[in-house]
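Fold and contact review
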Amino acid sequence: MWPFDAIDWLMLLVPIAYLFILVGSLYTFSSIYRKRTAAKAASLEPWFPPHIQRNIYLSLLHQEDPKCPDSILKAALLRRATEDITRIMAIRNAKQALQVLLQRGSVGDDLWQRFQRAEKEIEDELRDVVTEANAFAPNWGQTIFQSASEMLQNDQIRERVTDILGTAQAEKAWWDQRKSQIQTEFMKELDEEKMKSPTASSVAGSVTGSVAGSEDAVLVEGGGPAEKTGKGKKKKSKN
Amino acid sequence: MESLDTFTLLPISMDPTTKAITSDTPNSALNNELAHLNALHKNLLAAGTPTGTPPPPVPVNPTRSAQISKLRESGNNEFRKGNHGQAVKLYSLAIDMALGRPSWEPSGLVREEVSGLLSNRAQANMAQQNWAEGAVDAEASVEVKKAGNAKGWWRRGKCLLEMGRLDEADEWVKQGLEFEATEQDLVQLKQEIEKRKGI
């Protein structure tokens, strides 16, 4: 039998205590450090503002009395998907530029961390939307983002077109005013010509004629019947 | 955004009869979003698909396309007959119809239709010497579809020239030539503008 009595237990305790203290302190340090970095990351400002569409969807989903009908929930989910599309586009557009800036040291590490967090969140969000969509209707998850992206584009088109067409009134008012201004100026000029040389009517006539020609050009050039038929023909051939 | 398993409960409620979602708070972003949501909900109900979800972008429901092209055809006919005012009305109807497509239908199709119709309306306005309206229509047409829309570029340039806004016209046509460098009409228009500016 191995002689247990020969072991000096007290002296053996010293290395064991050493190891214990070493491992314990390392563990404490790492846990505190990790907690601090996590807290710091959490306290960073989020990349995007609050996701209203998501909040609406989930608020409606959790509404109990009365329960929200499916059709509204579907619409809310579509709105949420649309917002997700804008977000993922923003992330994708920003990523390359941000990477370059980070390599050059132009932006801080904080920004990069915020960005990575946003990227991770949006991935989770997309997955979540697909799951929810599939729960409403089989295979909707495959097309919901297509529909959402078209909706986004269509909204943009409509906004721009209505913006531009909205300027029509102002443009028309401006042009009417300008037109009458040109006309009065022209009439005045005509009168002055007449006043100046009432006797030399033939010369004045030719002068006013030339002035009239140039003014006319400003006003209605291309408005003549020949021009009109020309345009008509072009249209016919091209459409 | 919050993490995946939390969300902010918003103070919204549903009208039990109209099924409209409303909020009592004066939060304009929220109210705006709810208005969008309610509009979309109505559109979805009107679409009447069996699952209650929007159909995939393709294939497109052909009835609206047929109506639009019918309106355009009759507009073209009126234009040829010389009833430019009537043509403008018909084109306007067609434009409203094209813009009124359910928003989940392909946006490329909307671009194509709307730019063509706006360009035609610009033409009809120009034939009546409504240069201001023509210029606005052509601008919108180009905004919707920049490449392959030489007629749109040309028409606004021409309208601006007619209104005597030479600098704008010059700028516009130069921009147009970046997209349509080989278009003969645009090159001619540019020369015309430069001649007028020279005087």
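Scoring rules and cut-offs
Residues numbered from 1 in each chain as written. Chains lettered and ligands numbered in written order. Predicted model: local features only at pLDDT ≥ 70, side-chain atom pairs only at ≥ 80, totals over all residues. Heavy atoms only, no water. Helix = DSSP H or I, 4+ residues; strand = E, 2+ residues; numbered from the N terminus. Rg over C-alpha atoms; globule rule 2.2 N^0.38 Å. Buried < 20%, exposed > 50% of the residue type's maximum accessible area, 1.4 Å probe, protein only. Areas by Shrake-Rupley, 256 points an atom, 1.4 Å probe, with all protein chains shown as cover. UniProt positions renumbered as here; feature names shortened; annotations may be inferred. Contact = heavy atoms within 4.5 Å. Salt bridge = Lys/Arg side-chain N within 4 Å of Asp/Glu carboxyl O. Polar contact = N/O pair within 3.5 Å; in protein donor to acceptor, adjacent residues only side chain to side chain. Nonpolar A, V, L, I, M, F, W, Y, C, P; charged D, E, K, R; others polar. pLDDT = per-residue confidence, 0-100. Axes fitted to C-alpha atoms, helices over the stretch in contact; angles between N-to-C directions. Parallel < 35°, antiparallel > 145°, perpendicular 65-115°, else oblique. Left-handed = near helix turned anticlockwise from the far one by under 90°.

Under the annotation held in an unreviewed UniProt entry, chain B carries the name Tetratricopeptide repeat domain containing protein and is attributed to Periconia digitata.

Under an unreviewed UniProt entry, the name given to chain A is Translocation protein sec66, and the source organism is Periconia digitata.

A word on the overall build of chain B. When helices and strands are tallied, chain B shows eight helices and two strands. Its helices and strands in sequence order give chain B the pattern β-β-α-α-α-α-α-α-α-α, from N to C terminus. For 199 residues, the compact-globule estimate of 2.2 N^0.38 gives 16 Å, and chain B exceeds it by more than 25% at 22 Å. In terms of overall dimensions, chain B has a C-alpha envelope of 70 × 40 × 30 Å along the principal axes. By the burial criterion, 46% of the 199 residues in chain B qualify as buried. Looking at chain B as shown, the accessible area adds up to about 9300 Å², and 54% of this sits on carbon and sulfur atoms.

The positions that UniProt labels "transmembrane region" (unreviewed entry) are, in the present scheme, residues 6-29 of chain A. Along residues 6-29 of chain A, the helical share is 88% and the strand share 0%, with 38 Å between the first and last C-alpha atoms.

Attention now moves to the interface of chain A and chain B. Listed per partner, the contact involves 68 residues of chain A and 74 residues of chain B. For the interface between chain A and chain B, the tally reads four salt bridges. In this structure, Glu 171 of chain A engages Arg 165 of chain B in a salt bridge whose closest nitrogen and oxygen atoms are separated by 3.0 Å. Counting across the chain A and chain B interface gives 14 residue pairs in polar contact (both at pLDDT 80 or more). Those elements that place two or more of their residues in the side of chain A that touches chain B are α2 (52-61), α3 (70-104), α4 (109-136), α5 (140-166), α6 (168-196), α7 (201-220) and α8 (225-238) of chain A. In terms of residues, the side of chain A that touches chain B owes the most to one element, α5 of chain A, which gives 15 residues. Its residues placed into classes, the side of chain A that touches chain B shows 28 nonpolar, 17 polar and 23 charged.

On to the pattern of salt bridges, then. All names here are of chain A. By the definition in use, this model includes 23 salt bridges over all chains. For Asp 124, the salt bridge is made with Arg 127, and the minimal N-O distance between the two is 3.5 Å. Here Asp 124 pairs with Arg 127, and both are found in helix α4, just three residues apart, close to one helical turn. The network of salt bridges with common partners includes Arg 54, Arg 80, Glu 125 and Asp 128.

For chain A, per-residue confidence averages 80 on the pLDDT scale, and 82% of positions sit at 70 or higher. Note on residues 200-239 of chain A: pLDDT under 50 across the span, and 53 contacts to partners over four residues away in sequence or across chains.

This part covers the packing of α3 of chain A against helix α1 (residues 28-47) of chain B. Close contact between α3 of chain A and α1 of chain B brings their axes to 9 Å; oriented N to C, the two are set at 120°. Compared by their axis directions, α3 of chain A and α1 of chain B come out oblique. Every pair of crossing elements has a handedness; the one defined by α3 of chain A and α1 of chain B is right-handed. Contacts between α3 of chain A and α1 of chain B pair Ser 71, Ile 72, Lys 74, Ala 75, Ala 76, Leu 78 and Arg 79 of chain A from the former with Glu 33, His 36, Leu 37, Leu 40, His 41, Leu 44 and Leu 45 of chain B from the latter. Of the residues contributing to the contact of α3 of chain A with α1 of chain B, the split by class is eight nonpolar, three polar and three charged.

Once that is clear, we can look at unusual backbone geometry. For Asn 139 of chain A, which is not a glycine, the phi torsion comes out positive at approximately 70°. Mapped onto the elements of the fold, Asn 139 of chain A is located in the loop between α4 and α5. The residue Gln 129 of chain B is not glycine, and still its phi comes out positive at about 60°. By the secondary structure assignment, Gln 129 of chain B is in the loop between α4 (107-127) and α5 (131-144).

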